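# Summary of the model geometry
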Amino acid sequence: MPLHPDAKNLLDLLVAAGRPKVWQVSPPEAREGISALAQAADAKDVPIGRIENGSWPGPAGALAYRSYTPVDAVPEPLPVLVYFHGGGFVIGDLDTHDGLCRQLANASGCRVISVAYRLAPEHKFPAAVDDAYAAVSWVAEHAREFGVDSDRIAVGGDSAGGNLAAVVCQLAKERGGPKIALQLLLYPATESGVDTPSRVAFAEGYLLEKKSIEWFLQQYVERGTDPIDPRLSPLLAPDLSGLPPAHIHTAEFDPLVDEGKAYADKLAAAGVDVEYTCHPGMIHHFFCLAGAIPYARTAIANAGAAMKQALAPGRPAAATAQRRASAKR
């Protein structure tokens, strides 16, 4: 399918604006750039039942979070989605993903808790991983305070955030908890330092570019870090069996589409229940561009509806599977 007209129009507008590429500026300037994109292209008209900002103790200090309660929330306890924003582990924040989190909360019926994990280069790998795992553990341990069901905890994220969500699921399996019922991975980064066919085919001109990916990795990872560390490249984990069911979404014109599909295939081969969707004509980051690409609203609504079904009371199959796996170990 050709590039969607709305996606092409947005890309053309960005070219016409003459903004520098992410690798041509400093990390603070790059953060300003994604904030400006969010202001211009994020959905700004999404009602929400309630928003609460707070913090909890993290591995190296307080971690900020933002909680979204759906408009039509059922009585507590609610299912919960602990969400990690994208941005190459360097850029992005609670505000750049506000529209997406609002829509996901309303569509899924989940209380969405968006986490402001530490960013590189100020905080190198594995700081973001440590924060992400700590965040899910905190929510699980304080489920009653958050008004959520500890048996219906989902984790999710887009791009780098999808990487963190996938890694948290692997760590939870390895460490015997917390229990995770579902993982929502939006065009996740699953393998570092490789030139997949899609990274070559979409190296330039599709928002996320090859040089951007390389720049993000340089900011995130110290020299000498093992590139096959599963906390960096979850696709390379030797055993994916026993992980939570996964809903994985990719975009057709995205450098990361191949590794997202590869992760879905490897999960399925390991016996994990996987729902995989490649969105035709779409580009990286489109879930956060609903103000400019209306199709994103449909995609989010469908993803949320699938989550709602998977997390319906009595259906947290992953939690039961993990309890059995823990008992066997």
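So, here's what we can say about the structure. Please read all numbers here as calculations on a predicted model, not as lab measurements. (Residues numbered from 1 in each chain as written. Predicted model: local features only at pLDDT ≥ 70, side-chain atom pairs only at ≥ 80, totals over all residues. Heavy atoms only, no water.)

Attention now moves to the pairing of strand β1 (residues 50-58). With nine bridges connecting them, β1 and strand β2 (residues 61-69) associate as antiparallel partners. Looking at the pairing, Gly54 lines up with Tyr65 of β2. In this structure, the hairpin formed by β1 and β2 is closed by a connection of two residues. (Pairing = 2+ DSSP bridges. Helix = DSSP H or I, 4+ residues; strand = E, 2+ residues; numbered from the N terminus.)

Here we come to the packing of aromatic side chains. Here a ring pair, both rings aromatic, is described through the centre-centre distance and the interplanar angle of the planes. Within the structure shown, the criterion is met by 13 aromatic pairs. Linked through ring pairs, Tyr187, Phe286, Phe287 and Tyr295 together constitute an aromatic cluster. Across the ring face of Tyr133, the terminal group of Arg175 is positioned such that the distance to the ring centre comes to 4.6 Å. The ring of Tyr276 has Lys261 lying over it, and the distance from NZ or CZ to the ring centre is 5.7 Å. (Phe/Tyr/Trp six-rings, centres within 6.5 Å; stacked < 30°, edge-to-face > 60°. Lys NZ or Arg CZ within 6 Å of the ring centre and 35° of its normal.)

On to the pairing of strand β5 (residues 148-158), then. Each regular strand carries side chains that alternate between the two faces of the sheet. Where burial is concerned, most of β5 is hidden: nine out of the eleven residues are buried. Across six bridges, strand β3 (residues 78-84) lies against β5 in parallel orientation. Considered in β5, the bridge of Leu81 is made with Ala154. Bridge count between β5 and strand β6 (residues 182-186): five bridges; the pairing is parallel. Considered in β6, the bridge of Val155 is made with Gln183. (Buried < 20%, exposed > 50% of the residue type's maximum accessible area, 1.4 Å probe, protein only.)

Turning next to the state of the cysteines. Counting across every chain of the model gives zero disulfides. Its sulfur unpaired, Cys288 is 7.9 Å from the next cysteine sulfur, which belongs to Cys101. Overall, the relative accessible area of 1% leaves Cys288 in the buried class. (Disulfide = S-S within 2.5 Å.)

This part is about helix α4 (residues 127-141). In this model, α4 (15 residues) spans 21 Å end to end at C-alpha, consistent with the 21 Å of a helix rising 1.5 Å per residue. The complete set of buried residues in α4 reads Ala127, Ala128, Val129, Asp131, Ala132, Tyr133, Ala135, Val136, Ser137 and Val139. (Expected span 1.5 Å × (residues − 1).)

With that settled, consider the side chain of Ser108. In this structure, Ser108 sits in helix α3 (residues 98-108). The class for Ser108 is buried, based on a relative accessible area of 2%. Side-chain polar atoms of Ser108 contact the backbone oxygen of Leu104, separated by 2.6 Å. Apart from residues lying up to four places away in sequence, Ser108 is in contact with Gly304, Met307 and Lys308. (Polar contact = N/O pair within 3.5 Å; in protein donor to acceptor, adjacent residues only side chain to side chain. Contact = heavy atoms within 4.5 Å.)

With that settled, the discussion passes to the sheet that holds strand β4 (residues 111-116). Taken together, the eight strands give an open sheet; going across it, the order is β1-β2-β4-β3-β5-β6-β7-β8, and neighbouring strands pair in mixed fashion. Each end of this open sheet is capped by a strand with a single partner; those strands are β1 and β8 (274-283). Adjacent strand axes in the sheet meet at a mean angle of 20° when their direction is disregarded. Sitting on the sheet, helix α10 (residues 295-310) touches β3, β5, β6, β7 (246-253) and β8, and the angle it makes with β8 is about 175°. (Axes fitted to C-alpha atoms, helices over the stretch in contact; angles between N-to-C directions.)

Glancing now at the pattern of salt bridges. Tallied over the entire structure, the rule returns 18 salt bridges. Two residues, Glu76 and Arg111, come together in a salt bridge whose shortest N-O distance is 3.0 Å. In this pair, Glu76 is assigned in the loop between β2 and β3 and Arg111 in strand β4, connecting sequence segments 35 residues apart. Put simply, Arg152 and Asp149 hold a salt bridge, and the shortest N to O gap is 3.0 Å. For Arg152, a relative accessible area of 8% corresponds to the buried category. A network of salt bridges, in which partner residues are shared, links Arg66, Asp95, Asp98 and Arg102. (Salt bridge = Lys/Arg side-chain N within 4 Å of Asp/Glu carboxyl O.)

A few words on the environment of Glu52. Here Glu52 shows up in strand β1. Each C-alpha atom, one on Glu52 and one on Leu171, is 28 Å from the other, the two residues being 119 residues apart in sequence. Apart from the residues within four sequence positions on either side, Glu52 is in contact with Tyr65, Arg66 and Ser67. A polar contact is formed between the side chain of Glu52 and the side chain of Arg50, at a distance of 3.2 Å.

Turning our eyes to something else, we now look at the layout of surface pockets. For the second largest pocket, the calculated volume is near 240 Å³. In this structure, the second largest pocket is lined by 16 residues; those nearest its centre are Val74, Pro79, Ser108, Gly109 and Lys308. (1 Å grid on protein atoms, 1.4 Å probe; cavity = no way out; pocket = protein on both sides within 12 Å on 5 of 7 lines; lining within 4 Å. Points joined across faces, edges and corners; volume = space filled by probe spheres on them.)

Moving on: helix α9 (residues 257-269). Its 13 residues give α9 an end-to-end C-alpha distance of 18 Å, which sits within 8% of 18 Å, the value for a rise of 1.5 Å per residue. Contacts made by the buried residues of α9 are with α6 (160-175), β6, α7 (197-201), β7 and β8. One or two positions beyond α9, positive phi appears at Gly271, with a value near 90°.

All we've got here are geometric facts, nothing functional implied.
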